[in-house]
Amino acid sequence: MSAELKSRRKGRQPEPSSSPKKAAKQEEPSKTASVPYRYGPLPRFNGQRLFSRGVIIVGVVIYVWYFSKDGKETSLAKQGSVYNGRGVHVDCDEEYLEEIKRYSGCVPKRCGRYVSDVIVTDYEATTLLWLAKRGMSFGGSSGGATIMDLHSGALSYKKNFINMYKSVKTNFITPTDLRVYKDVRQKIQSAIADSFGLDVNKLFLTHPTFFSRLTSEAPSHDHDEYWHVHVDKHTYESFHYTSLVYLNDFRVNFKGGRFVYLDNMKNPRANVTVEPRKGRVSIFTSGAENPHFVERVTEGERFAITISFTCDSSKQIRDPSLSIKGGKSEERRRFADN
């Protein structure tokens, strides 16, 4: 009698078969068996799946934003922030440095770019803004860029310039306007000297120094195309240091119109932006170490003043005064002769 039959008669289960196939099946672990975690169980909480999806989405957004920027754009100054003083050093352009070395006391310790929101007061910025608006009401470019120069009298008018001291009969400039204008110029001159380690008495106001109003209007002349990359020293030979005073706010009064530095004119990779804020002052060395452009304004009106400085005393200009309207200042004669 077989062992299997004997087991059944005694009420016992038959012993497992010694077949290789069956043995292999027995040794195979259950598919539903849990595998212990190496460092203990993972934490779980309500909404974990939703949270995980959110993390993935945010990661994708950051990746797309970072790599879609042409040059990984960074910000030197945001409109919503207030800076006592903020800046970065850059290597001076060799040609700029070689030329400026001729002027003792006016050579920068290091080239760079800086911003400050504590040089010009809100009252001063408001006074200069209303001066710009009053003066430009007598002219205005037919394109997107209107210029007003208190020193020469130049004012954009359609596709050309007029001498507003000859064309405008109303005396729209007040003694208060000119006092504020001079005070702001002097404070910025001191800030440039402090920032770059200069003798303030070796720094001189130069031409052109002007108000600007930029809009989204289509250009009607080359002068209206303000968004091209350029170097101030290449455009204006007398420039050694450039400053800008913003008279209204990015995103509040206009869209677009940010000031953008490029690290390399031919192959820019790291743009650095300055967002205009009312009363904000931006200063920089005027050489090829600071190529830049202004973004095209897409909405509203952007007001600013460009105040330029030279180390060459033969290129200096005087502060405007009320006597300029009826007098024969050097700047007025120069404009009238051109």
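Quick note: structure is the one above.
Each value, and the rule that gives it
Residues numbered from 1 in each chain as written. Predicted model: local features only at pLDDT ≥ 70, side-chain atom pairs only at ≥ 80, totals over all residues. Heavy atoms only, no water. Disulfide = S-S within 2.5 Å. Helix = DSSP H or I, 4+ residues; strand = E, 2+ residues; numbered from the N terminus. Buried < 20%, exposed > 50% of the residue type's maximum accessible area, 1.4 Å probe, protein only. Pairing = 2+ DSSP bridges. Axes fitted to C-alpha atoms, helices over the stretch in contact; angles between N-to-C directions. Parallel < 35°, antiparallel > 145°, perpendicular 65-115°, else oblique. Left-handed = near helix turned anticlockwise from the far one by under 90°. Contact = heavy atoms within 4.5 Å. Nonpolar A, V, L, I, M, F, W, Y, C, P; charged D, E, K, R; others polar. Expected span 1.5 Å × (residues − 1). Salt bridge = Lys/Arg side-chain N within 4 Å of Asp/Glu carboxyl O. Phe/Tyr/Trp six-rings, centres within 6.5 Å; stacked < 30°, edge-to-face > 60°. Lys NZ or Arg CZ within 6 Å of the ring centre and 35° of its normal.

Trainee: When you look at the state of the cysteines in this model, what are you seeing that I'm missing?
Mentor: Put plainly, a disulfide is one covalent bond tying together the sulfur atoms of two cysteines. Applying the stated criterion across every chain yields a total of two disulfides. A sulfur-sulfur separation of 2.0 Å characterises the disulfide bridge that pairs Cys 92 with Cys 111. Between Cys 92 and Cys 111, the S-S dihedral sits near 105 degrees, and the bridge is therefore right-handed. Here Cys 92, found in the loop between β2 (86–90) and α4 (94–100), pairs with Cys 111, found in strand β3 (residues 111–116); they are 19 residues apart in sequence, far enough to count as distant. Cys 111 gets classed as buried once you look at its relative accessible area, which sits at 0%. At a sulfur-sulfur separation of 2.0 Å, the disulfide partner of Cys 106 is Cys 311. Here the S-S torsion is close to -70 degrees, and the disulfide linking Cys 106 with Cys 311 is therefore left-handed. Of the two residues, Cys 106 is situated in the loop between α4 and β3 and Cys 311 in the loop between β17 (302–310) and α9 (330–337); the sequence distance between them amounts to 205 residues.

Trainee: What's the story with the pairing of strand β10 (residues 241–246) in this structure? I'm lost.
Mentor: Along any regular strand the residues' side chains alternate between the sheet's two faces. A large share of β10 lies buried, amounting to six of its six residues. Here β10 shows two buried faces, one formed by Tyr 241, Ser 243 and Val 245 and the other by Thr 242, Leu 244 and Tyr 246. As paired strands, β10 and strand β14 (residues 281–285) are joined by five bridges and run antiparallel to one another. Paired with Val 245 across the two strands is Val 281, which belongs to β14. By the bridge criterion, six bridges tie β10 to β17 in an arrangement that is antiparallel. The residue of β17 that forms the bridge with Tyr 241 is Phe 309.

Trainee: Can you help me understand the packing of helix α5 (residues 122–136) against helix α7 (residues 175–196) in this one?
Mentor: Helix packing for two helices is described by the angle between their axes and how far apart those axes are. Two elements in contact, α5 and α7, have axes whose closest approach is 10 Å; the angle formed by their N-to-C orientations is 125 degrees. For the element pair α5 / α7, the angle class is oblique. Considering how the two elements wind past one another, α5 and α7 form a crossing that is left-handed. Residue-level inspection shows Tyr 123, Glu 124, Thr 127, Leu 128, Leu 131 and Arg 134 of α5 in contact with α7, the latter providing Thr 176, Asp 177, Val 180, Tyr 181, Asp 183, Val 184 and Lys 187. Tallied by class, residues from the contact of α5 with α7 come to six nonpolar, two polar and five charged.

Trainee: Before we go on, may I ask you to explain α5 in this structure?
Mentor: The α-helix advances 3.6 residues per turn, and as a result positions three or four apart in sequence lie on the same side. The end-to-end C-alpha distance of α5, which contains 15 residues, comes to 21 Å, matching closely the 21 Å that a straight helix rising 1.5 Å per residue would cover. For α5, the set of buried residues is Glu 124, Ala 125, Thr 127, Leu 128, Leu 129, Leu 131, Ala 132, Gly 135 and Met 136. Buried positions along α5 lie against β4 (140–141), β5 (145–148), β6 (154–158), α7, β9 (210–214) and β17.

Trainee: What exactly am I supposed to notice about unusual backbone geometry here?
Mentor: Apart from glycine, the bulk of residues carry a negative phi angle, and the bulk of peptide bonds sit in the trans form. Backbone torsion omega between His 207 and Pro 208 reads 0 degrees, so that peptide bond is classified as cis. Along the chain, Pro 208 turns up in the loop between β8 (204–205) and β9. Positive phi outside glycine occurs at Lys 158, with the angle close to 55 degrees. Within the secondary structure layout, Lys 158 lies in strand β6. At Arg 251, a position not held by glycine, the phi torsion is positive, near 75 degrees. Mapping Arg 251 onto the fold places it in the loop between β10 and β11 (254–255). A relative accessible area of 59% means that Arg 251 is categorised as exposed.

Trainee: Which parts of the structure should I look at to understand the pattern of salt bridges?
Mentor: Two side chains bearing opposite charge may form a pair once their charged atoms approach each other closely. On inspection of all chains with the given rule, the structure shows 13 salt bridges. Ionic pairing is found between Asp 122 and Lys 278, a salt bridge with its closest N-O pair at 3.5 Å. Of this pair, Asp 122 sits in helix α5 while Lys 278 sits in the loop between β13 (272–274) and β14, placing them 156 residues apart in sequence. Note on Asp 122: relative accessible area 52%, which makes it exposed. Assessed through its relative accessible area of 27%, Lys 278 is described here as partly exposed. Linked through salt bridges whose partners overlap, the residues forming this network are Glu 73, Arg 258 and Glu 295.

Trainee: Even after reading the chapter, I still don't get the packing of aromatic side chains, so can you show me in this structure?
Mentor: Working definition: an aromatic ring pair is given by the centre-to-centre distance plus the angle between the planes. Per the stated rule, a full pass over the model turns up ten aromatic pairs. Connected via pairs of aromatic rings, a cluster forms that spans Tyr 114, Phe 196 and Tyr 241. Cation over ring: Arg 113 sits above Tyr 261, and NZ or CZ is 4.2 Å from the ring centre. Above the plane of the ring of Trp 130 lies Lys 133, whose end atom (NZ or CZ) is 5.0 Å from the centre.

Trainee: Which parts of the structure should I look at to understand the sheet that holds β13?
Mentor: Working definition: the strands of a sheet are paired by backbone hydrogen bonds and lie parallel or antiparallel to each other. The strand order across the open sheet formed by four strands is β1-β13-β12-β15, and the pairing between neighbours is mixed. If you trace the sheet from one side to the other, it starts and ends with β1 (74–77) and β15 (292–294), each paired once. With strand direction ignored, the average angle separating the axes of adjacent strands in the sheet is 25 degrees.

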